[in-house]
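Survey of secondary and tertiary structure
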Amino acid sequence: MELAIRYEGDDDPKKCTARRLAKFDLATLHRSDRSTPYGIILNPHAERALSPADRDRADQLVALDCSWETAEAAMFTLDGVPRALPFLVAANPVNYGKPFRLTTVEALAAGLVILGEHDHADRLLEPFKWGETFLELNAEPLERYAACADSGEVVAVQNEYLDAGAAP
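As the structure is a prediction and not an experimental result, all values here were calculated from the model.

Rules used in this analysis
Residues numbered from 1 in each chain as written. Predicted model: local features only at pLDDT ≥ 70, side-chain atom pairs only at ≥ 80, totals over all residues. Heavy atoms only, no water. Core = buried A, V, L, I, M, F, W, Y, C linked by side-chain atoms within 4.5 Å. Buried < 20%, exposed > 50% of the residue type's maximum accessible area, 1.4 Å probe, protein only. Helix = DSSP H or I, 4+ residues; strand = E, 2+ residues; numbered from the N terminus. Contact = heavy atoms within 4.5 Å. Pairing = 2+ DSSP bridges.

Focus: the nonpolar core
Within the largest apolar cluster, 43 residues are counted, with the highest numbers of intra-cluster contacts made by Leu-108 and Phe-134. With eight residues, the top contributor of residues to this core is helix H2 (residues 104-114). With residues up to four places along the chain from it excluded, the contact list for Phe-134 reads Leu-88, Val-89, Ala-91, Leu-102, Glu-106, Ala-109, Ala-110, Leu-125 and Leu-142.

In structure tokens:
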């Protein structure tokens, strides 16, 4: 699966995971909506959760790289199949342990694991000291999400974590 990133450029360049992915030729940055390819759009405002059933919907996984302060629903107007990631916890140094506050690389890696591309997710996280920690922190939920048949099952698994009030 190809990885594309709609790059806003409003984060600290030294901490920007999207820029590092591009530097290592692990993803392609796109600076406009028009140049961003059609694909599965990781969108926290989407009505459906990403699930293994989405594997055949597109050959691109697309993330939006922007500051959490500017990440409003209107920014996610990219052409594609919008899907939300389920409950996961960040491992990056800025948002460690916070649910739903993933970096671009964490979001893409999670999406790859859910879509059955665990090896690709491992390669994607290699340039980051905390990359393996992300997969370790979220091992159980990612495994469970990847075993679901569809979005409804993913949401049901997510709700177990949310109802328990516990991090993975």
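Comments concerning the pairing of strand E3 (residues 39-42)
Bridging between E3 and strand E5 (residues 80-83) involves four bridges; their strand directions are parallel. Its bridge partner being in E5, Gly-39 is matched across the sheet by Gly-80. In terms of strand pairing, E3 meets strand E4 (residues 60-65) through three bridges, oriented parallel. Considered in E4, the bridge of Leu-42 is made with Ala-63.

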